[in-house]
Amino acid sequence: MSLASETEALSAWLDDFPRRAMPIVGGEGSPMYVLDFIFLGAVKRSLSLGAGLLALIEAKNIVCARAVLRMHLDTITRLSAYSYVSDPEQMAKEILGGKALKKFKSTDGKPLNDGYLVDRLADRFPWVRKVYDFTSGYVHFSERQFFDAIHWLGSNEERTMRLSIGRTDDKYPEFSWEELPACFNHLNLILEEFLRAYADSNPKG
């Protein structure tokens, strides 16, 4: 798909996703669980990040766009953590009370840290590990920021380079921009899978 097609798909998802997420809370008078609020938080964060990604692509700001993509992956991996414990409702209560996710352990005895959560998701979606490792360099100040400033490299013999320091990232080809909404859209499919599974396990009237 082209950049235009991927951004149009993301925009359409942003418009329709709130409606598709409604089974989490059910109709009027439906019971509410603490875990509902975790999932609703993931819905809100995903909508905000998706809108932000579109704005950053329009602004040609690939540094922040890649950081937003990493944040969306973080939403998915941390939401998946609730399927790895025996009492997700109790964990949700403690998380909302301020306890760190990494203080909990999965049913196989492993701490729910980022590395474990990414590995578990990568068991099903191998590309997740590559995206996580690459985009983490945009959340943290790293060597990525230097390489983003390189606009042109000469030959090994010339040993020259041209740097471009500015607010926009104009050197990247279209496929570099296209992969941002494309990856975000793939993560949305995983998110919706988690939402459907949760809604099915907690049917509301």
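Residues numbered from 1 in each chain as written. Predicted model: local features only at pLDDT ≥ 70, side-chain atom pairs only at ≥ 80, totals over all residues. Heavy atoms only, no water.

Engineer: Hey, could you run me through helix α1 (residues 3–20) in this one?
Structural biologist: Residue pairs three or four apart in sequence face the same way in an α-helix, which turns once every 3.6 residues. Compared with the 26 Å implied by 1.5 Å per residue over 18 residues, the 25 Å span of α1 between its first and last C-alpha is a close match. In the structure, α1 departs most strongly from a straight axis at L14, where the bend amounts to approximately 35 degrees and where the proline P18 lies between one and four residues downstream. Burial in α1 covers these residues: L3, E6, T7, L10, W13, L14 and F17. (Helix = DSSP H or I, 4+ residues; strand = E, 2+ residues; numbered from the N terminus. Expected span 1.5 Å × (residues − 1). Bend = angle between axes of the 7 residues up to and from the residue. Buried < 20%, exposed > 50% of the residue type's maximum accessible area, 1.4 Å probe, protein only.)

Engineer: I keep staring at the environment of L101 and nothing clicks. Help me out?
Structural biologist: Within the secondary structure layout, L101 lies in the loop between α4 (88–96) and α5 (114–124). Classification of L101 as buried rests on a relative accessible area of 8%. Measuring from C-alpha to C-alpha, the distance between L101 and D114 comes to 9.2 Å, with 13 residues separating the pair along the chain. Setting aside residues up to four positions removed in sequence, L101 forms contacts with R78, A81, M91, I95, L112 and L117. (Contact = heavy atoms within 4.5 Å.)

Engineer: Is there a simple way to think about unusual backbone geometry in this case?
Structural biologist: Among all residues except glycine, the phi angle is most often negative; among peptide bonds, the trans geometry is most common. Phi at K60 is positive, roughly 60 degrees, even though this residue is not glycine. On the secondary structure map, K60 appears in the loop between α2 (34–58) and α3 (62–80). With a relative accessible area of 31%, K60 lands in the partly exposed category.

Engineer: Just checking my understanding: could you explain the packing of aromatic side chains for this structure?
Structural biologist: Note on aromatic pairs: each is described by the distance of the centres and the angle between the planes. Using the criterion set out here, one finds 6 aromatic pairs in the structure. Relative to Y138, the ring of F134 has its centre 5.7 Å away and its plane inclined at 50 degrees; by these criteria the two rings are tilted. Separated by 4 residues within a single helix, F134 and Y138 lie in helix α6 (residues 127–139), roughly one turn from each other. Taking the centre distance of 6.5 Å and the plane angle of 90 degrees together, the rings of Y172 and W177 count as edge-to-face. The two residues Y172 and W177 agree in class, both being buried. Here K99 stacks its cationic end above the ring of F104, 4.5 Å away from the centre of that ring. Positioned over the ring face of Y84 is R120, at 3.9 Å from the centre of the ring. (Phe/Tyr/Trp six-rings, centres within 6.5 Å; stacked < 30°, edge-to-face > 60°. Lys NZ or Arg CZ within 6 Å of the ring centre and 35° of its normal.)

Engineer: How should I be thinking about the layout of surface pockets in this particular structure?
Structural biologist: Using a probe with the size of a water molecule, rolled over the atoms, empty space left in the structure can be pinpointed. The volume enclosed by the largest pocket comes to roughly 280 Å³. Around the largest pocket sit I38, G41, A42, R45, D74, T75, R78, L79, Y82, I95, L96 and L101, which together line it. Elements with a contribution of two residues or more to the lining of the largest pocket: α2, α3 and α4. Its residues assigned to classes, the lining of the largest pocket shows 7 nonpolar, 2 polar and 3 charged. (1 Å grid on protein atoms, 1.4 Å probe; cavity = no way out; pocket = protein on both sides within 12 Å on 5 of 7 lines; lining within 4 Å. Points joined across faces, edges and corners; volume = space filled by probe spheres on them. Nonpolar A, V, L, I, M, F, W, Y, C, P; charged D, E, K, R; others polar.)

Engineer: When you look at the nonpolar core in this model, what are you seeing that I'm missing?
Structural biologist: The tendency in soluble globular proteins is for nonpolar side chains to be buried as a group. Grouped together as the largest cluster of nonpolar side chains are 54 residues, with contacts concentrated most on F17, I24, L53, M91, L112, L121 and L180. Elements represented by at least two residues in this core include exactly α1, α2, α3, α4, α5, α6 and α8 (174–201). For L53, the contacting residues outside a window of four places in its chain are L10, A65, V68, L180, P181 and F184. (Core = buried A, V, L, I, M, F, W, Y, C linked by side-chain atoms within 4.5 Å.)

Engineer: In this structure, what is going on with the pattern of salt bridges? I would like to understand it.
Structural biologist: Pairing of side chains with opposite charge becomes possible as their charged atoms draw close. Overall, the coordinates contain 13 salt bridges when judged by the stated rule. A salt bridge links E192 to R20; the shortest N-O distance between them is 2.4 Å. Of the two residues, E192 sits in helix α8 while R20 sits in helix α1, which places them 172 residues apart along the sequence. Residue R129 is joined to D133 by a salt bridge in which the shortest nitrogen-to-oxygen separation is 3.0 Å. (Salt bridge = Lys/Arg side-chain N within 4 Å of Asp/Glu carboxyl O.)

So yeah, pure geometry; function would need other evidence.
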